[in-house]
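Chain residues, written in single-letter form:
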Amino acid sequence: MNSTPRIILLCGNRRSGRSSMIRELLRETNMPLSGFMTRTLNTRSDGYHEIYMFPYGQGDLFPSEACHIGDCNTRERIIHDEVFNTLGVKLVSGVGSGILVMDELGFMEARAGAFCAAVLGKLRGDGHVLAAVRTSIDTPFLRQVLAPEDARVVQMDPERFDAIRAELVPIIRRWKGEN
């Protein structure tokens, strides 16, 4: 049995270094990448933050309704499940022999059944996965995300960033040797 975990889950809340760690780890490989990233791009005058999903690693893309996953303020959320269930499923399903990057998984997609099923299917599969997981709100979906036996679950701590990086880089380098 292979002792190298095929899944790395970087857990924490906002500003814990999850996305920065993903970028650092991916500098260690030239493996093909697929997946998605989510970004807050606009804060409207009503206090809502607009959140979008883009293909991972394709630079700054123009936001559109087709990738607008929702809006949040400190009290309320407007979530577009249909974007998770269309674009999200497409981006999660498009991995070959490289690394599936999911930046980030959280509470917004909890009701997007097709997306959740696609993510969980990839976590049960046999490919390499590198994901940021927002753990501020507990959902059944996130409990399943954190459950794979062949996952390395890391609680991000900005004060331990360099030590965590040093611990995870050898795993990423072994992934490269497996392909």
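Up top you'll find the structure we're talking about.
Asks: Even after reading the chapter, I still don't get the packing of aromatic side chains, so can you show me in this structure?
Replies: Two numbers describe a pair of aromatic rings. These are the distance of the centres and the angle of the planes. Summed over all chains, the structure comprises three aromatic pairs. A centroid spacing of 5.8 Å and a plane angle of 65° characterise the contact between F36 and F115, whose relative ring orientation is edge-to-face. In this pair, F36 is assigned in strand 2 (residues 33-43) and F115 in helix 3 (residues 113-124), connecting sequence segments 79 residues apart. Take F36: its relative accessible area is 0%, and that puts it in the buried class. Look at F115 and you get buried, because its relative accessible area is 0%. When the ring of Y52 is compared with that of F54, the centres are 6.3 Å apart and the planes differ by 15°; the resulting orientation is stacked. For the pair Y52 and F54, a shared accessibility class is recorded, and that class is buried.

Asks: Can you walk me through the pattern of salt bridges in this structure?
Replies: It is possible for side chains of opposite charge to pair when their charged atoms get near one another. Within the structure shown, the criterion is met by 13 salt bridges. The partner of E104 in a salt bridge is R18, and the shortest N-O contact between them spans 3.3 Å. Of this pair, E104 sits in strand 6 (residues 99-105) while R18 sits in helix 1 (residues 18-26), and the two are 86 residues apart along the sequence. Across the pair R165 and E28 runs a salt bridge whose closest N-O atoms are separated by 2.7 Å. In this pair, R165 is assigned in helix 5 (residues 161-178) and E28 in the loop between helix 1 and strand 2, connecting sequence segments 137 residues apart. What makes R165 partly exposed here is its relative accessible area of 22%. On the basis of relative accessibility, which here comes to 18%, the residue E28 falls in the buried class.

About the criteria used
Residues numbered from 1 in each chain as written. Predicted model: local features only at pLDDT ≥ 70, side-chain atom pairs only at ≥ 80, totals over all residues. Heavy atoms only, no water. Phe/Tyr/Trp six-rings, centres within 6.5 Å; stacked < 30°, edge-to-face > 60°. Helix = DSSP H or I, 4+ residues; strand = E, 2+ residues; numbered from the N terminus. Buried < 20%, exposed > 50% of the residue type's maximum accessible area, 1.4 Å probe, protein only. Salt bridge = Lys/Arg side-chain N within 4 Å of Asp/Glu carboxyl O.

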